[in-house]
Amino acid sequence: KAGVTQTPRYLIKTRGQQVTLSCSPISGHRSVSWYQQTPGQGLQFLFEYFSETQRNKGNFPGRFSGRQFSNSRSEMNVSTLELGDSALYLCASRRDFSGANVLTFGAGSRLTVL
Amino acid sequence: AQTVTQSQPEMSVQEAETVTLSCTYDTSESDYYLFWYKQPPSRQMILVIRQEAYKQQNATENRFSVNFQKAAKSFSLKISDSQLGDAAMYFCAPSGGTSYGKLTFGQGTILTVHP
């Protein structure tokens, strides 16, 4: 059974650009969450999608957005990149929206903003 | 809102010995779950153990067990017979209420295992 797949694994952008990250959940998983990990702020929740709808949102500016497709794949977009957006972006999936389900994480996308 | 405190930024243990990582949390949720995740240097976050808050019995997974004190909002992780592969960053994280997919992570504890 394939795990959570994130692409690209590494990318470098410059300030002001935008970036799109992709996440393919485990087959059968319908919920996808995104997290940002930085040395200073640690792991912070960005948002969660279930059945193509955003169900929860963290405390991030509107430059951070996401969406989920009918096949449960998800993308997140960051517009007008800032140096502080440099981070490891982790995607996690779970089967459905119940509390008993465990999040399974992908390997992450490492974004560097120059 | 939930907050998590992992008071030990770094811990070390000898191979085959036992180590306990501490975690305290605060939550307004009445129904929630607690998790320990590990993140080895390769960066893939892996679930170590899960505890349902409504269960009084402490969860156990092979060499990993927790000491869950609900009233004290304490959730420590005990690793027995430590192995070199246990070296990683360990995160404590509650989730609950309407936000089961939203984990609130602590700052993490770096565990070093000495041969």
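Just above sits the structure.
Participant: Break down unusual backbone geometry for me, citing the residues and quoting the values.
Facilitator: Residue and element names in this part refer to chain A. T7 connects to P8 through a cis peptide bond whose omega is -10°. Position of P8 relative to the elements: it lies in the loop between β1 (5-7) and β2 (10-13). In this structure, T80 is a non-glycine residue whose phi angle is positive, near 45°. Structurally, the position occupied by T80 is in the loop between β8 (74-78) and β9 (87-94). Overall, the relative accessible area of 48% leaves T80 in the partly exposed class.

Participant: Report on the nonpolar core, specifying residues and quantitative values.
Facilitator: Of all hydrophobic cores here, the largest spans 24 residues; its most connected members are W36, F75, L77 and Y90 of chain B. For this core, the secondary-structure elements that each account for two or more residues are β3 (19-21), β5 (32-39), β6 (46-52), β8 (64-69), β9 (74-79), β10 (88-96) and β11 (109-114) of chain B. If we ignore the near neighbours within four places in the chain, the residues touching F75 of chain B are C23, Y25, L34, F35, W36, Q51, V66, N67, F68 and C92 of chain B. Counting residues in hydrophobic clusters, the runner-up holds 21 residues, among them L11, F64, V78 and V113 of chain A.

What counts, and at which threshold
- Residues numbered from 1 in each chain as written.
- Chains lettered and ligands numbered in written order.
- Predicted model: local features only at pLDDT ≥ 70, side-chain atom pairs only at ≥ 80, totals over all residues.
- Heavy atoms only, no water.
- Helix = DSSP H or I, 4+ residues; strand = E, 2+ residues; numbered from the N terminus.
- Buried < 20%, exposed > 50% of the residue type's maximum accessible area, 1.4 Å probe, protein only.
- Core = buried A, V, L, I, M, F, W, Y, C linked by side-chain atoms within 4.5 Å.
- Contact = heavy atoms within 4.5 Å.

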